[in-house]
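Close look at the chain arrangement
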Amino acid sequence: MSRAFARMRGLSNVLGLLIALAAIFALFSALRPDTFPQMKNVETIARQTAIVATATIGMTFIIVSGGIDLAVGSVVALATVVMAVALRAGAPPMVALLLGVATGVLSGCVTGAFVSKLRIQPFIVTLGIFLIARGLAKGVAAEQTVHVETTWIRSLLAVLSPDKKWMILPPGVWAMLALAVLMAAVLRHTTFGRHVVAVGSNESAARLCGVPVGRVKFLVYVLGGVFTGLAGVMMFSRITVGDPTVAMGLELEVIAAAVIGGASLSGGQGTILGSLLGALIMRTISSGCSQCELPNWVQEIVTGAIIVGAVLLDRLRLSRRGA
Amino acid sequence: MSLLQATDISKRFGATVALDGASLAVRGGEIHGLVGENGSGKSTLMRILAGVLRADGGRMSLNSVEFAPGSPIEARRAGIAMVHQELALCPHLSVAENIVLGFEPVRGGLLDWREIRRISSESLERFGYDHLDLDAPLGSLPVAARQIVEICRSLAAGCEFILFDEPTSSLGASDVQELFAALRTLRSEGVGVLYVSHFLDEISEICDRVTVLRDGRVTGDGDPESLGTGEIVRMMVGREIEDLYVRSDRRPGEVLLSAEDLRGARLPTSASLEVRRGEVLGIAGLNGAGRTEFIRALFGLDPIRSGRIRVGSYLGWSPPRDRWEQGVGLVSEDRKEEGLAINLTISENITLPRVNRFSRWGWLSSARRKAAAERWVADLGIKCASTEQSVSELSGGNQQKVAIARLLDLDADLLLLDEPTRGIDVASKRLVYEIIDRAATGGKAVVMVSSYLPELLGVCDRIAVMCRGRLGVPRDARSASEHDLMEEAVGA
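Because the structure is a prediction, the values reported are computed rather than measured.

What to know about the nonpolar core
- Counting residues in hydrophobic clusters, the biggest one holds 128 residues, and the most contacted among them are B:Phe164, B:Leu183, B:Leu186, B:Tyr195 and B:Phe294.
- Top element by residues in this core is helix α5 (residues 143-156) of chain B. It accounts for seven residues.
- Shared between two domains, this core holds at least three residues of each, these being domain 1 (3-236) and domain 2 (255-489) of chain B.
- Not counting the four nearest positions on each side in its chain, B:Leu186 is found in contact with B:Phe127, B:Ile151, B:Leu155, B:Ile162, B:Phe164, B:Val191 and B:Val193.
- By size, the runner-up hydrophobic cluster in this structure holds 83 residues, among which are A:Ile51, A:Leu87, A:Val186 and B:Cys90.

Describing the confidence of the model for chain A
- Chain-level statistics for chain A give a pLDDT mean of 90 and a share of 95% at 70 or above.
- Here residues 1-6 of chain A is modelled with pLDDT under 50, and outside its nearest four sequence neighbours on either side it reaches 14 contacts, counting other chains as well.

Re the sheet that holds strand β10 (residues 192-196) of chain B
Residue and element names in this part refer to chain B.
- The strand order across the open sheet built from six strands is β6-β9-β10-β3-β11-β12, with neighbouring strands paired in mixed fashion. Looking at which strands have only one partner, the edges of the open sheet turn out to be β6 (80-83) and β12 (217-222). Adjacent strand axes in the sheet meet at a mean angle of 20 degrees when their direction is disregarded.
- Taken together, the five bridges between strand β9 (residues 161-165) and β10 define a ladder with parallel strand orientation. Each bridged residue has a counterpart across the sheet, and for Ile162 the counterpart in β10 is Val193.
- Helix α1 (residues 42-49) rests against β3 (31-36), β6, β9, β10 and β11 (209-214) of the sheet, and its axis sits at about 150 degrees to β9.
- Across the face of the sheet, α5 comes into contact with β6 and β9 while running at roughly 175 degrees to β6.

Some details on the sheet that holds strand β17 (residues 314-315) of chain B
Residue and element names in this part refer to chain B.
- With antiparallel pairing, the four strands of this open sheet are ordered in space as β14-β13-β16-β17. Looking at strand neighbours, the two that pair on one side only are β14 (271-276) and β17, the edges of this open sheet.
- Across two bridges, strand β16 (residues 304-311) lies against β17 in antiparallel orientation. Paired with Val311 across the strands is Tyr314, a residue of β17.
- On the sheet, helix α10 (residues 291-299) packs against β13 (255-264), β14 and β16 and is oriented at approximately 115 degrees with respect to β13.

What about the interface of chain A and chain B?
- Taken together, the contacts link 26 residues of chain A with 28 residues of chain B.
- Both sides of the chain A and chain B interface together cover about 2200 Å² of buried area, and 61% of this is carbon and sulfur.
- The interface formed by chain A and chain B includes two salt bridges.
- For A:Arg194, the salt bridge is made with B:Glu97, and the minimal N-O distance between the two is 2.7 Å.
- Put simply, chain A and chain B have seven residue pairs in polar contact (both at pLDDT 80 or more) between them.
- Residue assignment for the side of chain A that touches chain B shows that the elements contributing at least two residues are α1 (3-31), α6 (171-189), α7 (191-201) and α8 (203-208) of chain A.
- Top element by residues in the side of chain A that touches chain B is α7(A). It accounts for six residues.
- Each residue belonging to the side of chain A that touches chain B can be placed in one class, and the counts come to ten nonpolar, eleven polar and five charged.

Digging into the environment of A:Ala89
- With respect to the secondary-structure elements, A:Ala89 resides in the loop between α3 (72-88) and α4 (93-116).
- Sequence spacing of A:Ala89 and A:Met248 is 159 residues, and the spatial spacing of their C-alpha atoms is 26 Å.

A word on the packing of α4(A) against helix α9 (residues 213-239) of chain A
Residue and element names in this part refer to chain A.
- In the contact formed by α4 and α9, the axes pass within 7 Å of each other and the chain directions differ by 155 degrees. With respect to each other, α4 and α9 are oriented roughly antiparallel. For the crossing formed where α4 meets α9, the hand is right-handed. Across the interface between the two elements, Leu97, Gly100, Val101, Gly104, Val105, Gly108, Cys109, Thr111, Gly112, Ala113, Val115 and Ser116 from α4 touch Gly214, Lys217, Phe218, Tyr221, Val222, Gly225, Val226, Gly229, Leu230 and Val233 from α9.

Notes on the domain arrangement of chain B
All names here are of chain B.
- Parsing chain B into structural domains produces domain 1 (3-236) and domain 2 (255-489).
- The gap between the C-alpha centroids of domain 1 and domain 2 is 35 Å.
- In this complex, domain 1 contributes eleven residues to the contact, which on the side of domain 2 involves twelve residues.
- In total, about 970 Å² of surface goes out of reach between domain 1 and domain 2, with carbon and sulfur atoms giving 54% of it.

Overview of a nonpolar patch on the surface
All names here are of chain A.
- On the surface, Leu106, Val110, Phe114, Leu118, Ile120, Phe123, Ile124 and Leu127 cluster together to form a nonpolar patch covering roughly 700 Å² of accessible area.
- Among the elements of the structure, α4 and α5 (122-140) are those that each provide at least two residues to the nonpolar patch.
- Secondary-structure assignment places Leu127 in helix α5.

Things to note about the pattern of salt bridges
Residue and element names in this part refer to chain B.
- If you walk through the whole model with that rule in mind, you get 38 salt bridges over all chains.
- Notably, a salt bridge pairs Lys11 with Asp56, separated by 3.9 Å at the nearest N-O pair. Of the two residues, Lys11 is situated in strand β1 (residues 3-13) and Asp56 in the loop between α1 and β4 (57-62); the sequence distance between them amounts to 45 residues.
- Lys11 sits in the buried class, given a relative accessible area of 11%.
- The partner of Arg296 in a salt bridge is Asp302, and the shortest N-O contact between them spans 3.2 Å.
- When salt bridges that share partners are traced, they join Arg250, Asp437, Asp461, Asp476 and Arg478 into one network.

Description of the side chain of B:Lys42
Residue and element names in this part refer to chain B.
- With respect to the secondary-structure elements, Lys42 resides in helix α1.
- Buried charge without a partner: Lys42 forms no salt bridge, and the closest opposite charge is Glu166, 4.6 Å away.
- If sequence neighbours within four positions are ignored, Lys42 has contacts with Leu34, Val35, Gly36, Glu37, Val196, Ser197, His198 and Leu213.

Here we look at α5(A)
Residue and element names in this part refer to chain A.
- Over its 19 residues, α5 runs 26 Å from end to end, which matches the ideal 27 Å to within 8%, given 1.5 Å per residue.
- Of the residues making up α5, those classed as buried are Pro122, Val125, Thr126, Ile129, Ala133, Arg134 and Ala137. Down the axis of α5, the buried side of the element spans an arc of 160 degrees, and every buried residue falls inside it. Exposed and facing more than 90 degrees away from the buried side of α5 are Leu131, Ile132 and Gly139.
- Buried residues along α5 sit against α3, α4 and α9.
- Remark: Ala142 follows α5 within two positions and exhibits a positive phi of approximately 50 degrees.

Section: unusual backbone geometry
Residue and element names in this part refer to chain B.
- Put simply, Leu267 and Pro268 share a cis peptide bond, and its omega is -10 degrees.
- Structurally, Pro268 can be placed in the loop between β13 and β14.
- At Asp411, a residue that is not glycine, the phi angle is positive and equals roughly 55 degrees.
- Asp411 sits in the exposed class, given a relative accessible area of 51%.
- In the Ramachandran plot, Glu419 falls in the positive-phi region, its phi being about 50 degrees despite a non-glycine side chain.
- On the accessibility criterion, Glu419 (8% relative accessible area) is buried.

What about the packing of α3(A) against α9(A)?
Residue and element names in this part refer to chain A.
- Axis separation between α3 and α9 bottoms out at 8 Å; the angle between their running directions is 60 degrees. Between α3 and α9, the angle is such that the two are oblique. α3 and α9 meet at a crossing whose hand is right-handed. When α3 is examined against α9, the residues Val72, Val75, Val76, Ala79, Thr80, Met83, Ala84 and Leu87 are found in contact with a partner set consisting of Thr228, Ala231, Gly232, Val233, Met235, Phe236 and Ile239.
- Taken together, the residues of the contact of α3 with α9 break down into twelve nonpolar, three polar and no charged.

Rules and cut-offs
- Residues numbered from 1 in each chain as written.
- Chains lettered and ligands numbered in written order.
- Predicted model: local features only at pLDDT ≥ 70, side-chain atom pairs only at ≥ 80, totals over all residues.
- Heavy atoms only, no water.
- Core = buried A, V, L, I, M, F, W, Y, C linked by side-chain atoms within 4.5 Å.
- Buried < 20%, exposed > 50% of the residue type's maximum accessible area, 1.4 Å probe, protein only.
- Helix = DSSP H or I, 4+ residues; strand = E, 2+ residues; numbered from the N terminus.
- Domains from an automatic or database assignment.
- Contact = heavy atoms within 4.5 Å.
- pLDDT = per-residue confidence, 0-100.
- Pairing = 2+ DSSP bridges.
- Axes fitted to C-alpha atoms, helices over the stretch in contact; angles between N-to-C directions.
- Buried area = accessible area lost by both parts, 1.4 Å probe.
- Salt bridge = Lys/Arg side-chain N within 4 Å of Asp/Glu carboxyl O.
- Polar contact = N/O pair within 3.5 Å; in protein donor to acceptor, adjacent residues only side chain to side chain.
- Nonpolar A, V, L, I, M, F, W, Y, C, P; charged D, E, K, R; others polar.
- Parallel < 35°, antiparallel > 145°, perpendicular 65-115°, else oblique.
- Left-handed = near helix turned anticlockwise from the far one by under 90°.
- Patch = residues over 30% accessible without salt bridge, like charges linked within 9 Å, V, L, I, M, F, W, Y side chains within 5 Å.
- Areas by Shrake-Rupley, 256 points an atom, 1.4 Å probe, with all protein chains shown as cover.
- Lys, Arg positive; Asp, Glu negative; His and termini not counted.
- Expected span 1.5 Å × (residues − 1).
- Arc of directions from axis to C-beta.

Rendered as structure tokens:
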């Protein structure tokens, strides 16, 4: 009931996630001491996390506002295809990159309009977009991988060349981290950010106090679209082709990352830092599992158990405090 | 001095007249009570002032300027805020964030936390709540403190009038005193307070003036102390008794239901009762007194903390499923949400409890369900195209008959009816009274909760009054008066 309590809740959540991350890292380091705790591997995990984490930043806003977005994976695939087609048509890389982001923004605008103006549940709207975007991606790509010559976009998430080792991590990872810091500040220190929490916490109270609920919801999905588009760019940087079948199920990984990070699907709760740690935990596990040569199905079972376990732990923690 | 005036306000909901030319004037620096029985229109009037509802006719003015809010936010901008029973706060935001929600001070694009803290601590200080942690999430606060936060928000937004809708219904006794202290602070600062409450002792304690409503009209106003509780009650009641009640001569049989000092999770606090076969027992009281909770506890929908229940030869609390088996049936006050499965058909609804009666080797026989339903459609005069019609297409009165038919089809011995005539037309009411009378005459026991006193006086054999969770001793309905019952209900 005190200030200490409020701080502790936020802190204990982050602390818990850090401990979990450290424990997982320690476990795999013990199992694979020669490869797992090496800088090269850490860099690989960071590169892999960047895509999920970028999308998770937008998803955190959406979930905190009480919404959901199921179309992330499909839109990411569509964005890679759009970029590849643009490059093949001779567009400069920068234009292709912006088109990739625009793909996400467009889908965010459509979702936002349906959710805020026509009051259709975001689950339904984004389920529709999930199929439409995947279908569009396949159609535009003629159901094939779109190959293009490599451009500087590739270097966003590529392994650093020896002369660039001073960067420690690839530029895409740094960009993601910078955006995360920015968006954490937006969520915490701007009127818009607080209105997102208010809408997710108690929509009718927010409306009563003059919060423009419809506009907040619309903007939340547009913002989500920006980050989905950026995740598409990062995906393209990694696979360097337009692939209409890529990122299947990415949306679930993104939602899971936010949930592990302490976001509540009923809204009002969630932080950018928590979500990023959630994404990192999931990627570390899957990287560790594959280095231990555990088959994919084991990874899936472990990840599933961790999602449910994380929420259960959170619930137990809250009920013990009587909150 | 600021002045909020409503003149000649009228409002209808379908066929029901909620307000019929009611007028009210609240001044700044005054605590103005608004009282009346359930359904007298006091909440409707308050919600019109707060912009939740729009009046059909009449005028409102704020400081002599025409005022017709189309939404709560419009009313709030004009300077009128309402503190709801269900508090309108965001549990995940901090105390300070809740206070400034909707008009957050910003500097350089970012929230100005220093200003936010200054505004919130200043307004909390006025009520002596400066010990509250501004950063604590609102959800971690007790209800009384949340109410203060909501009041602070209205003040910080610059509201001149604050409307309270039964603010003490969720508070304990010591919290009520804290709220009253806050109301007095508001008064001393020149804020006008409109205070709706059921409890006349509260009105006498805190209000400078009181307006009494009955059937949507103002029946009197004045200083509550010089009026006295007796006079206020007289202004609240006194409707003509309509001649549509049915009560045959019945002879009570064995005791079927007995409750001893029953205490629920929150309500009731103490309820003792004996109901015999061939008897209709009425439970009067105000909304929120614990009548519905009592009935729900008897039926096993709510847990009980202590006390004894006996139904026939069964002792103790049982879940609803067992209660059906024991011959107990309940008609919920909330017909659409809880009483009926509104999208299912008439026959499905009537045969829903213990639906296994209609199955053979695990397969439900719709023909047998239909036959059972047809009997009741004919017997109770349910107006419908067929028994396979969706209940949602029926009128309120016919829906209620379906809800009661469910009990009769199981041949329940004890009928628990919660507001069985709420929101149905007069002809259907008459039919419901007949059904109740027939059931009791046929040896069933009926417990009937109602907020409409004439109905209880006309239909029941005995009436008990629930007041703040305590159930009084039942009295003979034939010699009771509306005035006596209301006095007991308001705790006078």
